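The residues making up each chain are set out below.
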Amino acid sequence: DKDLQEIFAKSEAADVVGINAFEDKFMRKINATGDLSGFTLPWADTHHLVRMHTGAVSLWCGINGHKKSTCVSQVALHIARTARVGIASFEMKLEDQAYMMCKQSACNDLISPEYARRFYDWVNDKVCWYRALGGVSPLGALGGIAVMADRGCKFIVLDNLQFCGVTDDIERERLFCNQLIGIAEAKDIHIAVVHHVRKPQSGGDEYLPTRFDVRGGGTIVDQAHMLFIC
């Protein structure tokens, strides 16, 4: 608790500074080719359209069963080639999550023991998992993110918001999302949050959700830097 309080105190302190206080970030922005900096998605056609920056939070939303977790796992696997990633999945066992990533890396459902060993050796120092099946408290989720960030993770998946003990209260949900943004900025990481959309009033799986269908208060979408509909 004390460590988290210190993180938030640093990130939320209202300092009046000169440009020298953010010289490095300013120069990185200048040296970047246009806006093409940050993490890419696994799909080459999106590289000139979408980049995920550190110090930001993205929302990955969709209908149950529409493969939100699978999609974000593919993104994390792609980013792991160039940066360390962290995964806090409260619905899947760690071995199931690793197995899915192994199949994604192989582009094959049938994994040989030899390939599995190669994947194990490759992923061992590239991915951190937060062991918290079934859900955590808001403070526990923030603490897990902080630990993974301290271990060098630059892209962290939170799967999903329903298991963080905040979605039953709009104000608590708003505060938690605000804290996610604060810790992303303080730790210079990108946090990808998986979340659900409301059930459509008519139709079924063929319905295409929009930003207005995201569960909870509108401030969730308003606060996030990016929204992906899966």
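Described below are features of the structure shown in this document. (Residues numbered from 1 in each chain as written. Predicted model: local features only at pLDDT ≥ 70, side-chain atom pairs only at ≥ 80, totals over all residues. Heavy atoms only, no water.)

**Considering the sheet that holds strand S1 (residues 56-62)**
Sheets are built from strands that pair by backbone hydrogen bonding, the pairs being arranged parallel or antiparallel.
Then, in step 1: Strand order in this open sheet of six strands is S3-S2-S4-S5-S1-S6, and the pairing throughout is parallel. Every other strand in the sheet has two partners, leaving strand S3 (127-129) and strand S6 (226-229) as the edge strands with one partner each. Between one strand and the next, the sheet's axes are offset by a mean angle of 20°, whatever the strand orientation.
Then, in step 2: Of the pairings in the sheet, the one linking strand S4 (residues 155-159) to strand S5 (residues 190-196) comprises five bridges and is parallel in character. Paired with Leu158 across the two strands is Val193, which belongs to S5.
Then, in step 3: In the packing of helix H6 (residues 138-150) onto the sheet, the strands contacted are strand S2 (85-89), S3, S4 and S5, and the crossing angle to S4 comes to about 155°. (Pairing = 2+ DSSP bridges. Helix = DSSP H or I, 4+ residues; strand = E, 2+ residues; numbered from the N terminus. Axes fitted to C-alpha atoms, helices over the stretch in contact; angles between N-to-C directions. Contact = heavy atoms within 4.5 Å.)

**Focus: the packing of H6 against helix H7 (residues 170-187)**
When two helices pack together, their arrangement is captured by the angle between the axes and the distance separating the axes.
Then, in step 1: Packing of H6 against H7 brings their axes to within 11 Å, and their N-to-C directions diverge by 15°. Judged by the angle between their axes, H6 and H7 are roughly parallel. Considering the relative orientation of H6 and H7, their crossing is right-handed. Contacts between H6 and H7 involve Pro138, Ala141, Leu142, Ile145, Ala146, Ala149 and Asp150 from the former and Phe176, Gln179, Leu180, Ile183 and Lys187 from the latter. (Parallel < 35°, antiparallel > 145°, perpendicular 65-115°, else oblique. Left-handed = near helix turned anticlockwise from the far one by under 90°.)

**As for the pattern of salt bridges**
In a structure, side chains of opposite charge can pair up when their charged atoms sit close to one another.
Then, in step 1: In total, this model carries six salt bridges according to the counting rule given.
Then, in step 2: Note that Glu171 and Arg174 form a salt bridge whose closest N and O atoms lie 2.6 Å from each other. Of this pair, Glu171 and Arg174 are both found in helix H7, three residues apart, which corresponds to roughly one turn of the helix.
Then, in step 3: In this structure, Asp222 engages Arg211 in a salt bridge whose closest nitrogen and oxygen atoms are separated by 3.3 Å. Here Asp222, found in helix H8 (residues 219-223), pairs with Arg211, found in the loop between S5 and H8; they are 11 residues apart in sequence, far enough to count as distant. (Salt bridge = Lys/Arg side-chain N within 4 Å of Asp/Glu carboxyl O.)

**Things to note about unusual backbone geometry**
Then, in step 1: The amide bond that connects Asp159 to the next residue, Asn160, takes the cis arrangement and shows omega of 5°.
Then, in step 2: Structurally, Asn160 is set in the loop between S4 and H7.
Then, in step 3: Residue Lys67 is not a glycine yet carries a positive backbone phi of 70°.
Then, in step 4: By the element assignment, Lys67 lies in the loop between S1 and helix H3 (68-79).
Then, in step 5: Of the residues examined, Lys67 reaches a relative accessible area of 56% and is grouped as exposed.
Then, in step 6: Unusually for a residue other than glycine, Asp188 sits at a positive phi of about 55°.
Then, in step 7: Inspection of the secondary structure assignment puts Asp188 in the loop between H7 and S5. (Buried < 20%, exposed > 50% of the residue type's maximum accessible area, 1.4 Å probe, protein only.)

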